[in-house]
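Overview (structure and organization)
Here is how the chains run, residue by residue.
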Amino acid sequence: MSKPGEAKKSAPLVDLCMTFDAGHQEPARFAFDPKDPQRPDPSQKMPTKPIDPDEVGKLILEGNSLYASFIGYAKEVAEKLEKKSEGVPEDRTFHVFLNKHQIGTHDSHAIHQEPYAAVLSCIDARVPPELITGQAANDMFAVRTAGNILLERGEARGSLEFILNKYARRPPKEQKPPKGKGEGEPAEETVEEEKPLTAILVLGHTKCGAIDAAYDAVIEEGKDPVLSREQELAKLLRESPNPSLDAIVARLKIVVRVVMKLNPDLAASKEKADIDELKRRICHFNTELNYLDIRHMAEKIGLGAGFKVFFGSYHVEDCVIRRSNLPGKDDTAMIEALDKYLGERSLGSIFESLNQPWSVPDTKAGVKSKDFIFGELLDAMNRDAEAFSKDLVKP
Ligand SMILES: [Zn+2]
């Protein structure tokens, strides 16, 4: 039997801790040393009241950096032990410091629900959004769907609409002058209760099983005779034991086809490395398309400059969120190209059509079929293929 000291030396502990420092009740969230009185204290703007959306974005990035460092350090320890290499690292603890907002100390001692962020992410078991972004209870609403998409009129879309309508901060409204006052008098600003939620993150990830399924379906369909939309609809209704799952895959297939069209060499290749690279690009494109969908939802609800929509792709290989528009990041070339293409046209009409899982072409009623929209997107991307393709190459 080994002594405790010996066991500790051969197997250092790497901890990820939630810590409440009672002597420092509103601490910085991710500062390394809890005993350091000089550590930064951003809690004056911490979530007991709405905080600036860019501050929310920074908290998410900081939290992800902490989690990625924790996993990175734990991996380093494990590998050194496995290879019996020299210089086994020491014990180390990574802290997420909680404040009163996250533990609840008033009235009933229950936490009053006021998260400052929302996230739309995938159901993937390796991507729990709160954990990988260093958030605690009461920080974040999480809506999770396969492939981080929202179908039209589904429960997930409804849930997100509920969150944004009930909790998202709105711009101050101008009030009409009260009765008896002249029209020339200045309007008063309504003092409304400030809502806590100021940002949403659309979070995709690499190695996505839903994207694998859509990719496989596209490859499989390549072997079958091409069906018309009517035939495809009839086939689905008649034969599918999983119509809801098929609706998700159908939506993702659009994305797969667009990216394959933009990357013909990768699409034709049978090499694993090429297929992996193609899927990585599909993941990015899918995330950014869903970002546009949510941005449109926020605009429709009337959320203004005090609310921001972010996107990012979580790399399961090293736990880092990359390719995003979070503060300090600027991977928006594709979004700008899509924006340019969409111009004055309603984003909503595009997405409403994209999200109809099996809309039948009906040009008389002015309803655009999914294929038609897909064709439009492809045409635009082909016209500006260089911009789209160049941007997809970025990690
Ligand atoms: Zn996934």
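Predicted model only: the values in this text are computed from it and were never measured. (Residues numbered from 1 in each chain as written. Predicted model: local features only at pLDDT ≥ 70, side-chain atom pairs only at ≥ 80, totals over all residues.)

1. Regarding the overall build of the protein chain
Check the secondary structure of the protein chain and you find 14 helices and 9 strands. Looking at the protein chain alone, contacts between residues at least 24 apart form 73% of all its contacts between residues at least 6 apart. (Helix = DSSP H or I, 4+ residues; strand = E, 2+ residues; numbered from the N terminus. Contact = placed C-beta atoms within 7 Å.)

2. A word on the pairing of strand β8 (residues 308–315)
By the criterion of burial, β8 is predominantly enclosed, with 7 of the 8 residues buried. With 7 bridges connecting them, strand β7 (residues 199–205) and β8 associate as parallel partners. Residue isoleucine 200 lies in a different strand from β8, and its bridge partner there is valine 309. As judged from the 3 bridges shared by β8 and strand β9 (residues 320–322), these two strands associate in the antiparallel manner. If you follow histidine 315 over to β9, its bridge partner there is valine 320. Where β8 folds back on β9, the antiparallel hairpin that results is connected by 4 residues, among which cysteine 319 adopts a positive phi of roughly 65°. (Buried ≥ 20, exposed ≤ 12 C-beta atoms within 10 Å, placed from the backbone. Pairing = 2+ DSSP bridges.)

3. Details of the environment of asparagine 290
Along the chain, the position of asparagine 290 falls in helix α10 (residues 272–301). In this structure, the C-alpha to C-alpha distance between asparagine 290 and leucine 120, residues 170 residues apart in sequence, is 9.1 Å.

4. Section: the packing of helix α5 (residues 155–167) against α10
Two elements in contact, α5 and α10, have axes whose closest approach is 11 Å; the angle formed by their N-to-C orientations is 45°. Our classification of the angle between α5 and α10 gives oblique. Along this stretch, α5 crosses α10, giving a crossing that reads as right-handed. Taking contact as the criterion, the partners of Glu161, Leu164 and Asn165 in α5 are, on α10, Met297, Ala298 and Ile301. The residue makeup of the contact of α5 with α10, split by class, is 4 nonpolar, 1 polar and 1 charged. (Axes fitted to C-alpha atoms, helices over the stretch in contact; angles between N-to-C directions. Parallel < 35°, antiparallel > 145°, perpendicular 65-115°, else oblique. Left-handed = near helix turned anticlockwise from the far one by under 90°. Nonpolar A, V, L, I, M, F, W, Y, C, P; charged D, E, K, R; others polar.)

5. Some details on the sheet that holds β8
The sheet built from 5 strands is open, its strands ordered β4-β3-β7-β8-β9 with mixed pairing. Looking at strand neighbours, the two that pair on one side only are β4 (140–145) and β9, the edges of this open sheet. Put simply, the sheet's adjacent strands are angled 30° from each other on average, direction ignored. Seen against the sheet, helix α2 (residues 53–82) touches β3 (117–122), β7, β8 and β9 and runs at an angle of roughly 35° to β7. Of the strands in this sheet, β3 and β4 are in contact with α5, which crosses β4 at around 165°.

6. Here's the deal with the nonpolar core
One finds Ala117, Ile200, Leu201, Leu252 and Ile282 to be the most contacted residues of the largest nonpolar core, which totals 68 residues. If one sorts the elements of this core by residue count, α10 sits on top with 9 residues. Not counting residues up to four positions away in its chain, the partners in contact with leucine 201 are Ile60, Ala117, Val119, Phe310 and Gly312. (Core = buried A, V, L, I, M, F, W, Y, C linked by C-beta atoms within 7 Å.)

7. Some details on the confidence of the model for the protein chain
Chain-level statistics for the protein chain give a pLDDT mean of 76 and a share of 65% at 70 or above. pLDDT under 50 marks residues 37–45. Its contacts with residues more than four places away, or in other chains, come to 15 contacts. When the criterion is pLDDT under 50, residues 355–373 qualifies, and its contacts beyond four places in sequence or with other chains add up to 35 contacts. (pLDDT = per-residue confidence, 0-100.)

8. A look at unusual backbone geometry
Located in the positive-phi region is asparagine 138, a residue other than glycine, with phi close to 75°. Tracing the backbone through its elements, the reader meets asparagine 138 in the loop between α4 (129–132) and β4. Within the chain, lysine 207 stands out as a residue other than glycine whose phi angle is a positive 60°. Topologically, lysine 207 is positioned in the loop between β7 and α6 (209–223).

9. A short note on α10
Two residues of an α-helix separated by three or four positions point the same way, owing to the 3.6 residues in each turn. With 30 residues, α10 extends 43 Å from end C-alpha to end C-alpha; this agrees with the ideal 44 Å at 1.5 Å per step. A positive phi of about 95° marks glycine 302, the residue just after α10. (Expected span 1.5 Å × (residues − 1).)

10. Quick notes on the environment of tyrosine 73
By the secondary structure assignment, tyrosine 73 is in helix α2. For tyrosine 73 and arginine 92, which are 19 residues apart along the polypeptide, the C-alpha to C-alpha distance reads 8.6 Å. If we ignore the near neighbours within four places in the chain, the residues touching tyrosine 73 are Val14, Pro89 and Arg92.

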